[in-house]
Amino acid sequence: MKKIASLLMVFGASFSGFSQELNTGEIHGDFDLNLQSYQEDELIGATAANEVILNNAYLNLNYIKGNFATGLRYESYLNALADYDSEFKGNGIPYKYATYSVDGLEVTVGNYYEQLGSGLIFRSYEEKGLGIDNAMDGVRLKYSPTQGTYLKTFIGKSRTHFTYSDGIFRGADLEINTNELLSSENKIKTILGGSFISRYQERSNLIFKIPQNVSAYAGRLNLMYGSWNYYGEYAYKINDPSNVLSASKMNYARGNAITQNITFSKRGFGVSAEIHRTDNMTFKSDRDKDGKAYLINYIPTLSKPHAYSLLALYPCATQADGEFGMQFDVFYKMKKGTFLGGKYGTKLAFNYSRINGLNGGNSFLNDNTEHSPMLISIENEELYFQDINLEINKKINKKIKANFVIANQTYNKDFLEGHVKGDYGVLNSTILIADISFKIKKGHSLRMELQMLNSKQLEDYSAHVGSYENGLEEPAEGDWGMGLLEYTISPHWFFTVQDMYNYGNEITEKQLHYLNITAGFIKGANRFEIGYGKKREGIFCVGGVCKLVPSSNGFNLSISSSF
Amino acid sequence: MQLKKSKMNKKTIFSFLAIALFTTFSFSQNRALPNKDVKTLDGSNFNITNLENDGNPIVISFWATWCKPCKKELNNIAEIYEDWQDETGVKLVAISIDDTRSMMRVAPYVNASDWDYEVYLDSNSELKRAMGVQTVPHTFLLNGKNEIVWQHKGYVDGDEDELLEQIQKIAK
């Protein structure tokens, strides 16, 4: 106790040393609360929670004074919402940090988030909606010795729920911006980067010699010329067998990943083309644990993140263990005053993506140092996901704005959801969406969404048709419709009613409505929302990472605030 | 006896902390930007405290290419942005929180949309976290001294009118 008191005295004294600028320090933060009640609903498969109400809450506090900052996050799971890992339990302060920067050097101790390159070998980040937080705990230094060179290095353990991983990470990254470094006005801009990460974890396997220090490295190049922008990155990871003595886990395969992206854009027009390939590139903070809490790298999903509910009903998820994918985007604005552009101009966004398996299977499946799957192979490979979509955005007159989407998606339900091959086969869906806003009077608007998903099962499924009563898998859900009405009164109120209707389900009892009613109040930095309704079980994705959300039925309350 | 002593100490610590809090940290009305780097669209680092608009107001809007209301907000403002600039001298800074999944699509989208905003990338949410942004869109208004004087969460049609009123209040 005495020690703490005297420490505090010193702390206080050092603060009063700044007496001249005492009142310039600032405290800011944000608060977030999500409360949900769970009622049983046999039809949709929703179960009641023993606690009746589950609740997640967070408070972030940051104290900032010039180049110094310190802060913490209080997290409360009493008990965690049903779609969170149950290891999030109780209250705590799992995030705290102090940082300062002086003359190009930035020092951080405690918790920090970090990403090397595009994240292929390492990304520590938080995505509260998905229950992801693999913050590091340790020390990080960033230094810029000269203009155009950026060095960072860190050591730490990765957060897993309320504890930290067994593995210790050491990482470094160097980025050189040649134009800044040479103060050059060269029209070609070049940024070069290299990164390294190593995980130390004690070996406990007595028979096999497995690496205690598992390293991964990556190199990247970014070239820009006029309207062109190229980015490429290659990553490599050494073998990382687990301690478990079973043939399926003892695997000495190495991993690699490559991503290539090129864009061109000018006023009114933009295109982007991207390919990526990943082979045995799952990197975890503990070699013996599974689950998203242990993932320590990030392989972005190669498909467009969709915000409309039926477009996102069957989302793509990255297969870090092995996939090859490509994606193209075209953005175009038809000029005002032209025939198609009309009075206000019309915006088009086209997107195509396709992801398939690796030729001959990934290196993990072929645990053989000689095996290396073909670099690019598309034909005859198992298709995981494909999405072709076109979005048309049009202002019709001063009062009406419309957004239309037409899409065709192919979704390998068996593979992406981990079913036995042949249970569901592959789904092909055609989706149509109309989203129209009407301005009623100043501040008052009505928005309407109509969505339709027409889905059929392809391949291999025929064996099961009509036989689900005999204990075989049920057919997929079939066609969906969705309608939404939203009335908003700027700047404070919104009211929404939406219904998703599975009218095409082959099982008549499962032709269900998922009705949701939401109302909200926003004032400046405070937001209150209350809702009641049913949620469909499904995969929910944000920014490329997905989680499985169970069916639920009940009230929810969410409050968020920033100060 | 031992117990009592430790209780006393606890009390001392708490009162000390309370005093320290009150004397050291005063909640100032206006708040400064955090000392954080973001990336420009051509890959350079940019410290957000270096934002500059000749002493005129600045609007910071956090958005993402996958966020419908964000795009609605920025597209609606784009239509009247020139008028706003003429009237108030305001500058809009759009900070994309797209991560590496969609980051490369930001420039093609922005250019194709004909936006005249200053656009930065915050791909691992460092600035977003430092500014207490939980969801996008989230809009901040800065006065001529780069101090945050107003903020708003979310966007519905018509919110730009309130933003303009706030800008007019602080415009020179």
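Rules used in this analysis
- Residues numbered from 1 in each chain as written.
- Chains lettered and ligands numbered in written order.
- Predicted model: local features only at pLDDT ≥ 70, side-chain atom pairs only at ≥ 80, totals over all residues.
- Helix = DSSP H or I, 4+ residues; strand = E, 2+ residues; numbered from the N terminus.
- Buried ≥ 20, exposed ≤ 12 C-beta atoms within 10 Å, placed from the backbone.
- Contact = placed C-beta atoms within 7 Å.
- Domains from an automatic or database assignment.
- Nonpolar A, V, L, I, M, F, W, Y, C, P; charged D, E, K, R; others polar.
- Expected span 1.5 Å × (residues − 1).
- Arc of directions from axis to C-beta.
- Pairing = 2+ DSSP bridges.
- Axes fitted to C-alpha atoms, helices over the stretch in contact; angles between N-to-C directions.

## So, the overall build of chain A
Consideration 1: When helices and strands are tallied, chain A shows three helices and 30 strands.
Consideration 2: Buried positions account for 36% of the 563 residues belonging to chain A.
Consideration 3: Taking the intrachain contacts of chain A between residues at least 6 apart in sequence as the baseline, contacts between residues at least 24 apart amount to 57%.

## Section: the domain arrangement of chain A
All names here are of chain A.
Consideration 1: Domain annotation of chain A identifies domain 1 (103-268 + 276-298) and domain 2 (301-511).
Consideration 2: Averaged C-alpha coordinates put domain 1 and domain 2 at centres separated by 30 Å.
Consideration 3: The interface is formed by 13 residues belonging to domain 1 together with 18 residues belonging to domain 2.
Consideration 4: At four residues, strand 17 (residues 269-279) tops the list of elements feeding residues into the side of domain 1 that touches domain 2.

## So, the interface of chain A and chain B
Consideration 1: Facing the 74 residues of chain A at the interface are 51 residues of chain B.
Consideration 2: For the side of chain A that touches chain B, the class distribution of residues is 27 nonpolar, 32 polar and 15 charged.

## As for helix 5 (residues 159-170) of chain B
All names here are of chain B.
Consideration 1: Helix length check: helix 5, at twelve residues, gives a terminal C-alpha distance of 18 Å against a target of 16 Å (1.5 Å per residue), a fit within 8%.
Consideration 2: For helix 5, the set of buried residues is Asp159, Glu160, Leu163 and Ile167. Across the axial projection of helix 5, the buried residues extend over an arc of 95 degrees, all falling on one side.
Consideration 3: Packed against the buried residues of helix 5 are strand 3 (58-63), helix 2 (68-88), strand 6 (138-142) and strand 7 (148-153).

## Overview of the sheet that holds strand 2 (residues 45-47) of chain B
Residue and element names in this part refer to chain B.
Consideration 1: Spatially, 2-1-5-4-3-6-7 is the arrangement adopted by the seven strands of the open sheet, whose pairing is mixed. Either end of the sheet is taken by a strand with one partner, and the two such strands are strand 2 and strand 7. Within the sheet, the average angular offset between the axes of one strand and its neighbour, ignoring direction, is 30 degrees.
Consideration 2: Taken together, the three bridges between strand 1 (residues 37-40) and strand 2 define a ladder with antiparallel strand orientation. Paired with Asp37 across the two strands is Asn47, which belongs to strand 2.

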